[in-house]
Amino acid sequence: MMFCRAGRISGWVAAATIAIAGMVLPADADAGMGYAVVPTTIIYPGDTLSGSQLQEVEVTNPNLAGDYAKSISQVEGLVSKRTLLPGRTISVSALREPYTVTRGSSIRLVFSLGAMTISAAGTPLEDGATGQVVRARNMDSGVIVSGTVLADGTIHVRAK
């Protein structure tokens, strides 16, 4: 049986590991992994994100995975669904589009069928973003209808 010093073996193993890593790993593996957006202040649920509250930082953790925001323009103007802490990446699923109509406000209900268009005053019974289906109450008749929220803040009522 033969014994040898551990220092010689570990040096040889380290040199072999470096040589193999240089051959196996692509040249750009040590290059930047991109950027992530992090808040500079605490952002609370319901707050709208602005560029002054955010900064882009270089990603250095190779284990960082998920749907984190990669640029400020991707998240600016969106609304937070939960508390966002400074220095932590922002998950895209933690954000939503701002509401176009809010519960209890005055809106216009529009119903179209061919060339006929009927318009009435209404109030949404729930918050809704553009393209969402929400329930609303016709202020004149009290009837509750469902419709799609349009970008101009009106609700296009669906036929039953």
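To be clear, the structure that these remarks concern was listed above.
Since this is a predicted model, take the numbers as computed values, not measurements.

(A) Structural detail: the packing of aromatic side chains. Inspection of every chain in the model, using the stated rule, returns zero aromatic pairs. Of note, Lys 70 hangs over the ring of Tyr 68, and the distance from its end group to the ring centre comes to 4.2 Å. Above the face of the Tyr 99 ring, Arg 96 is positioned so that its terminal group lies 3.9 Å from the ring centre.

(B) Structural detail: the sheet that holds strand 7 (residues 133-138). Ordered in space as 5-6-7-8-9, the five strands form a closed barrel in which the pairing is mixed. Between one strand and the next, the sheet's axes are offset by a mean angle of 50 degrees, whatever the strand orientation. Here strand 5 (residues 107-113) pairs with strand 6 (residues 116-124) via seven bridges, running antiparallel. Its bridge partner being in strand 6, Arg 108 is matched across the sheet by Ala 121.

(C) Fine view of the nonpolar core. If you look at the biggest cluster of nonpolar residues, it comprises 12 residues: Val 37, Ile 43, Leu 49, Leu 54, Ala 69, Ile 72, Val 75, Leu 78, Leu 84, Ile 90, Ala 94 and Leu 95. For Leu 54, the residues in contact, after removing those within four places along its chain, are Val 37, Val 38, Pro 39, Thr 40, Ile 43, Leu 49, Ile 72, Val 75 and Ile 90. With nine residues, the next largest nonpolar core counts Val 101, Ala 136, Val 149 and Val 157 among its residues.

(D) Main features of the side chain of Asn 138. Residue placement: Asn 138 occurs in strand 7. Judged by its relative accessible area of 17%, Asn 138 falls in the buried class. A distance of 3.3 Å separates a polar atom in the side chain of Asn 138 from the backbone nitrogen of Ser 141. Contacts of Asn 138, omitting those with residues within four sequence positions, involve Leu 109, Ala 120, Ala 121, Gly 122 and Val 143.

(E) Structural view of the pairing of strand 6. Counting the residues in the hairpin turn of strand 5 and strand 6 gives two residues, including Gly 114, whose phi is positive at 65 degrees. For strand 6 and strand 7, the ladder comprises three bridges, and the chain directions are antiparallel. Along strand 7, the bridge assignment pairs Gly 122 with Asn 138.

Parameters and conventions
- Counting restarts for each chain, with residues numbered from 1 along the sequence as it is written.
- Local features in this predicted model are restricted to residues whose pLDDT is 70 or higher, and side-chain atom pairs enter the listing and the counts only when it is 80 or higher, whereas totals over whole chains, interfaces and linings include all residues.
- As a rule here, side-chain values come from all non-hydrogen atoms in the structure, and water together with hydrogens is ignored.
- In this analysis, rings of Phe, Tyr and Trp, with Trp reduced to its six-membered ring, are considered paired at centre separations within 6.5 Å, and the interplanar angle assigns stacked below 30 degrees, edge-to-face beyond 60, and tilted for intermediate values.
- Counting as a charge over the ring demands two things of the Lys NZ or Arg CZ atom: a distance within 6 Å of the ring centre and an angle within 35 degrees of the ring normal.
- Strands were regarded as paired on the criterion that DSSP finds at least two bridges between them.
- Strands are runs of DSSP state E lasting at least two residues, helices are runs of H or I lasting at least four, and both sets are numbered from the N terminus onward.
- The convention used is that axes are lines fitted to C-alpha atoms, helices contributing only their stretch in contact, and that angles between N-to-C directions extend from 0 to 180 degrees.
- We define a nonpolar core as any set of buried Ala, Val, Leu, Ile, Met, Phe, Trp, Tyr and Cys residues linked to one another through side-chain atoms lying within 4.5 Å.
- Between buried and exposed lies partly exposed: a residue is buried under 20% and exposed over 50% of the maximum accessible area for its type, with that area taken using a 1.4 Å probe on protein chains only.
- Residues are treated as being in contact if the distance between any of their heavy atoms lies within 4.5 Å.
- Side-chain atoms alone can form a polar contact between residues adjacent in sequence; in general such a contact is a pair of N or O atoms within 3.5 Å, and within protein one must be able to donate a hydrogen while the other accepts it.

Read these as spatial facts, not as claims about activity.
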